[in-house]
Amino acid sequence: MTEGRRSTFSRGHRPATRDDLEALPLEIAPRLLGALLTTQVEGELVVVRLTEVEAYHGLGTGAVPDPGSHARGGQTARNATMWGEPGHLYVYLSHGIHSCVNVVCGPDGVAGGVLLRAGEIVEGQDVAVRRRPRAQTARDLARGPGRLGQALGLRHPAHDGIDAIVGRGGVAAEAGVAAEGGVAAEGGVMALGPERAGARARLDLPRAAAASISAGPRVGVAGVAGTHEFPWRFWIAGDPTVSSFRWGRGAAPPSA
């Protein structure tokens, strides 16, 4: 880990806690912009800076029912992670191919998640390129939720429910000494969350909000859930890694 990388964690970010994520997804989503999600899968480390997210509420979550959510009809085997304690990652399969990653938000027993739509790979780019050989440029490595999941090495169903909160199962260690639950670094060990199917994760939140945040309809969501009635997509304005917008079936306004 480089000196600059370590200073990013120490000055600009702090480890996320469960309390940080206990509010509803619509409130948490913009706070995740600029956050760092770290994964170590089979010993290979990748870190992504989040630049685009979408909020999703489950049945009974918040004042407005969310018809675009996997949990809109209640708890099922597929969406069970969304109903658990905040800070775990809900990893689901999209179109039978893409593993997409969400940060679970809200109190334990209340369904909610924030879909991680796009980000910039800030460490482990060589690993991400190997996992995403079709990427044309560095900005495309995690530009879109399926690409982001692939770059991070998280797969459904093996990694669904992995914990990204450090402190329970993460192990501190002395400077320069690698330990279970930690990644060796100059001057110390960066702790990671508990292991799940050969993977560990860690979420670090920015100490200051992103300078310019935009909001709008969610990408490719069908019906009213993908319209301006649900401006639950948030992104860092002008960031090149943000994905392209497209209307979902039946969501575009007449003039679009």
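Rules behind the numbers
- Residues numbered from 1 in each chain as written.
- Predicted model: local features only at pLDDT ≥ 70, side-chain atom pairs only at ≥ 80, totals over all residues.
- Heavy atoms only, no water.
- 1 Å grid on protein atoms, 1.4 Å probe; cavity = no way out; pocket = protein on both sides within 12 Å on 5 of 7 lines; lining within 4 Å.
- Points joined across faces, edges and corners; volume = space filled by probe spheres on them.
- Helix = DSSP H or I, 4+ residues; strand = E, 2+ residues; numbered from the N terminus.
- Nonpolar A, V, L, I, M, F, W, Y, C, P; charged D, E, K, R; others polar.
- Salt bridge = Lys/Arg side-chain N within 4 Å of Asp/Glu carboxyl O.
- Buried < 20%, exposed > 50% of the residue type's maximum accessible area, 1.4 Å probe, protein only.
- Pairing = 2+ DSSP bridges.
- Polar contact = N/O pair within 3.5 Å; in protein donor to acceptor, adjacent residues only side chain to side chain.
- Contact = heavy atoms within 4.5 Å.
- Core = buried A, V, L, I, M, F, W, Y, C linked by side-chain atoms within 4.5 Å.

J.: Would you explain the layout of surface pockets in this entry?
T.: Gaps left between atoms are located by rolling a probe of water-molecule size over the structure's atoms. One number sums up the size of the largest pocket: a volume of about 980 Å³. Going through the elements one at a time, strand 3 (44-57), strand 4 (89-94), strand 5 (98-104), strand 6 (112-123) and helix 4 (145-152) are the ones with two or more residues in the lining of the largest pocket. Partitioned by chemical class, the residues of the lining of the largest pocket number 14 nonpolar, 15 polar and 10 charged.

J.: Please clarify how the pattern of salt bridges should be interpreted in this entry.
T.: A side chain with one charge may pair with a side chain of the opposite charge, provided their charged atoms come close. Counted by the stated rule, this structure contains 16 salt bridges. Its salt-bridge partner being Glu44, residue Arg130 comes within 2.8 Å of it at the nearest N-O pair. Linking Arg130 in helix 3 (residues 125-131) with Glu44 in strand 3, this pair joins segments that are 86 residues apart in sequence. Its relative accessible area of 26% is what places Glu44 among the partly exposed residues. Where Arg147 meets Asp140, a salt bridge forms, and the shortest distance between an N and an O atom there is 3.9 Å. On the basis of relative accessibility, which here comes to 35%, the residue Arg147 falls in the partly exposed class. On the basis of relative accessible area, Asp140 is assigned to the buried category, the value being 12%.

J.: Whenever I open this one, the pairing of strand 9 (residues 199-206) confuses me. Can you help?
T.: Each regular strand carries side chains that alternate between the two faces of the sheet. In terms of burial, strand 9 is a largely internal element, eight of the eight residues being buried. With three bridges joining them, strand 1 (residues 13-15) and strand 9 adopt antiparallel strand pairing. Looking across to strand 9, one finds that Arg14 is bridged to Leu205. Pairing analysis gives six bridges linking strand 2 (residues 36-41) to strand 9, with the strands arranged antiparallel. Each residue of the ladder has a partner; that of Thr39, found in strand 9, is Ala201.

J.: Can you walk me through the side chain of Arg233 in this structure?
T.: Mapping Arg233 onto the fold places it in strand 11 (residues 233-236). Separated by 2.7 Å, the side chains of Arg233 and Glu52 make a polar contact. When neighbours within four sequence positions are excluded, Arg233 is seen to be in contact with Glu52, Val53, Glu54, Ser214, Ala215, Gly216, Pro217, Arg218, Val219, Val242, Ser243 and Phe245.

J.: Just to check I follow, could you spell out unusual backbone geometry for this structure?
T.: Cis geometry marks the peptide bond from His156 to Pro157, where omega comes out at 0 degrees. Secondary-structure assignment places Pro157 in the loop between helix 4 and strand 7 (182-185). In this structure, Glu42 is a non-glycine residue whose phi angle is positive, near 50 degrees. Tracing the chain through its elements places Glu42 in the loop between strand 2 and strand 3. In this structure, Ala197 takes a positive phi of about 50 degrees despite not being glycine. Of note, Ala197 is situated in the loop between strand 8 (188-191) and strand 9.

J.: Could you clarify how one ought to interpret the nonpolar core in this entry?
T.: One broad trend across soluble globular proteins is that nonpolar side chains are buried collectively. If you look at the biggest cluster of nonpolar residues, it comprises 41 residues, and the most contacted ones within it are Leu32, Leu89, Leu116 and Leu203. Examining the composition of this core, we find that five residues originate from one element, strand 3, more than from any other. Ranked by size, the runner-up nonpolar core spans 12 residues in total, among them Cys100, Val104, Val221 and Ala225.

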